[in-house]
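# Descriptive structure summary
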Amino acid sequence: MNTFKVSVQETSNNNIIKFEVNQFITKNQSFEFNNIDDATPSPLGQQLFYLPFVKKVYISGNFIAVERYNIVEWKDVQDEVAEQIEAYLNDGGIVINEAEAPKKIPVTVYAEATPNPSVMKFVSNKKIVTSLYEFTSIDEAKLSPLATELFHFPFVKSIFIEENYVSITKYEITEWQDITIELREFIKQFIESGKEVVLPEAAEKLEQTTEQKDSNFEALDDTSKQIVNILEEYIKPAVASDGGNIQFLSYDEETKNVSVLLQGACSGCPSSTFTLKNGIENILKQMLPDKVDAVEAING
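Nothing here was measured: the structure is a model prediction, and the numbers come from that model.

## Structural notes on the overall build of the protein
- Scanning the protein for helices and strands turns up eight helices and 13 strands.
- In terms of C-alpha radius of gyration, the protein reaches 21 Å, essentially the compact-globule figure of 19 Å for 300 residues.
- Oriented by its inertia axes, the alpha-carbon framework of the protein measures out at about 60 × 50 × 30 Å.
- By residue count, 46% of the 300 residues in the protein fall in the buried class.
- At a minimum sequence separation of 6, the contacts of the protein that also span at least 24 residues come to 60%.
- Of the roughly 15500 Å² of accessible surface on the protein, 48% is carried by carbon and sulfur atoms.
- Distance between charge centroids for the protein: 4 Å, based on 26 positive and 47 negative side chains.

Take a look at the structure:
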């Protein structure tokens, strides 16, 4: 069984802390509890209310958010609460009693075109993964039940999954107008069924956990760290809205060249070269003068 790990994440409200779990703890549902009686469907929620400073508990997807009364500061108790939640989950504690849980909110999925004519983005109203994943073959997709089933469609070439959407690259044997509805309904039903989109151990095996990402980041040189931060803040949000991702690979201090990996809709996109030269490269040159001369991209 995969071990649960809980990390503390601050929010914009200093009264509320998020305890992020390395795997999903609810099946596409969200719950808000205002007191211990209100939390009857959640043994975990009830246990948290025994802490005198807990005012409200919110459970969703892969995290528990807790609002405090002003009798303590989070910095004094947050680590202890995280340890308590982690121990509870690893002891097999129940998060939500399905029989007592409120009726599920229906899942909606809509299709969205991307700049890449070979890629369609299928967006859910629910968070479906906690990290990003790309699979280019059914063999690679062993860690994702959803991707494995999607590869059984003969026109599916590759799959990119991030937070609340799935980007699918098709072969040229068919047109989107003939397959979009079928794919949208399949993804919707898969999510509604409560099946695992990716296996709990996928993030760790593919080095996508928060701890692994932080460790890899800390091992970089100062310029590489600056490049990663610029990509995260200025490039990735726009790229993600188009159903893709850009990942830093390396920086050569001597040649001043940056290598990045294009994933999802960005991989093989006809406009990716233009985006690379006129967007990413220009931004890095402008923000890191005398440190970056060129950016080269590798398609995922």
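There is more to say after this.
## Points about the UniProt feature "domain: Scaffold protein Nfu/NifU N-terminal" (unreviewed entry) in the protein
- UniProt's entry tags residues 6-92 and 109-194 with the feature "domain: Scaffold protein Nfu/NifU N-terminal" (unreviewed entry), counted in the numbering of this structure.
- Segment residues 109-194 splits into 27% helix and 31% strand. End C-alpha atoms: 15 Å apart.

## Re the pairing of strand β1 (residues 6-10)
- Here β1 runs beside strand β2 (residues 16-21); their pairing, made up of five bridges, is antiparallel. Directly across from Glu-10, in β2, lies its bridge partner Ile-17.
- Between β1 and β2, which pair antiparallel one after the other, the connecting turn spans five residues.

## A few points about the domain arrangement of the protein
- According to the domain assignment, the protein contains domain 1 (6-91), domain 2 (109-201) and domain 3 (220-299).
- Residue-level contacts link 13 residues of domain 2 with 14 residues of domain 3.
- By the criterion of area lost to domain 3, the three top residues of domain 2 are Pro-115, Asn-116 and Glu-134, representing 42% of everything that side buries.
- Remark: the boundary between domain 2 and domain 3 carries zero residue pairs in polar contact (both at pLDDT 80 or more).
- Only β7 (119-124), β9 (156-162) and β10 (165-170) provide two or more residues apiece to the side of domain 2 that touches domain 3.
- Taken together, the residues that form the side of domain 2 that touches domain 3 break down as six nonpolar, three polar and four charged.

## Thoughts on the pattern of salt bridges
- By the definition in use, this model includes 12 salt bridges.
- Where Glu-67 meets Lys-55, a salt bridge forms, and the shortest distance between an N and an O atom there is 3.8 Å. Taken as a pair, Glu-67 in strand β5 (residues 63-68) and Lys-55 in strand β4 (residues 54-60) lie far apart in primary sequence, 12 residues in all.
- Two residues, Arg-68 and Glu-73, come together in a salt bridge whose shortest N-O distance is 3.6 Å.
- Residue classification places Glu-73 among the partly exposed residues on the basis of a relative accessible area of 41%.

## Comments concerning the side chain of Lys-121
- Locating Lys-121 in the fold gives a position in strand β7.
- Overall, the relative accessible area of 7% leaves Lys-121 in the buried class.
- Other than its neighbours up to four places away in sequence, Lys-121 contacts Tyr-110, Ala-111, Glu-112, Thr-114, Tyr-165, Val-166, Ser-167, Ala-240, Ser-241, Asp-242 and Gly-243.

## Quick notes on the environment of Asp-139
- Mapped onto the secondary structure, Asp-139 falls in the loop between β8 (133-135) and α3 (145-150).
- For Asp-139 and Phe-151, which are 12 residues apart along the polypeptide, the C-alpha to C-alpha distance reads 9.7 Å.

## Here we look at the sheet that holds strand β6 (residues 109-113)
- The sheet built from five strands is open, its strands ordered β6-β7-β10-β9-β8 with antiparallel pairing. Taken across any chain shown, the strands that pair with only one partner, and hence form the sheet edges, are β6 and β8. Adjacent strand axes in the sheet meet at a mean angle of 20°, parallel and antiparallel pairs treated alike.
- Where β7 meets β10, five bridges bridge the pair, whose relative direction is antiparallel.

## Brief notes about the nonpolar core
- Ranked by size, the top nonpolar core spans 31 residues in total, and within it Leu-150, Val-166, Ile-168 and Leu-183 carry the most contacts.
- Not counting chain neighbours up to four residues away, the residues in contact with Leu-183 comprise Phe-122, Leu-150, Phe-153, Phe-155, Ile-168 and Trp-176.
- Ranked by size, the runner-up nonpolar core spans 28 residues in total, among them Leu-44, Leu-48, Phe-53 and Trp-74.

## Details of the packing of aromatic side chains
- A full pass over the atoms with the stated rule returns nine aromatic pairs.
- Seen from their ring centres, Phe-53 and Trp-74 are 5.9 Å apart, and the 85° between their planes marks the pair as edge-to-face. Remark: Trp-74 occurs in helix α2 (residues 74-90) and Phe-53 occurs in the loop between α1 (43-49) and β4; sequence separation between them is 21 residues.
- An aromatic cluster is present here, built from Phe-153, Phe-155, Phe-186 and Phe-190 joined pairwise through their rings.
- Sitting over the ring of Phe-63, Lys-18 keeps its end group 4.2 Å from the ring centre.
- Directly above the ring of Tyr-165 sits Lys-121, whose terminal nitrogen or CZ lies 4.5 Å from the centroid.

The rules behind each value
- Residues numbered from 1 in each chain as written.
- Predicted model: local features only at pLDDT ≥ 70, side-chain atom pairs only at ≥ 80, totals over all residues.
- Heavy atoms only, no water.
- Helix = DSSP H or I, 4+ residues; strand = E, 2+ residues; numbered from the N terminus.
- Rg over C-alpha atoms; globule rule 2.2 N^0.38 Å.
- Buried < 20%, exposed > 50% of the residue type's maximum accessible area, 1.4 Å probe, protein only.
- Contact = heavy atoms within 4.5 Å.
- Areas by Shrake-Rupley, 256 points an atom, 1.4 Å probe, with all protein chains shown as cover.
- Lys, Arg positive; Asp, Glu negative; His and termini not counted.
- Charge placed at Lys NZ, Arg CZ, Asp CG, Glu CD.
- UniProt positions renumbered as here; feature names shortened; annotations may be inferred.
- Pairing = 2+ DSSP bridges.
- Domains from an automatic or database assignment.
- Buried area = accessible area lost by both parts, 1.4 Å probe.
- Polar contact = N/O pair within 3.5 Å; in protein donor to acceptor, adjacent residues only side chain to side chain.
- Nonpolar A, V, L, I, M, F, W, Y, C, P; charged D, E, K, R; others polar.
- Salt bridge = Lys/Arg side-chain N within 4 Å of Asp/Glu carboxyl O.
- Axes fitted to C-alpha atoms, helices over the stretch in contact; angles between N-to-C directions.
- Core = buried A, V, L, I, M, F, W, Y, C linked by side-chain atoms within 4.5 Å.
- Phe/Tyr/Trp six-rings, centres within 6.5 Å; stacked < 30°, edge-to-face > 60°.
- Lys NZ or Arg CZ within 6 Å of the ring centre and 35° of its normal.

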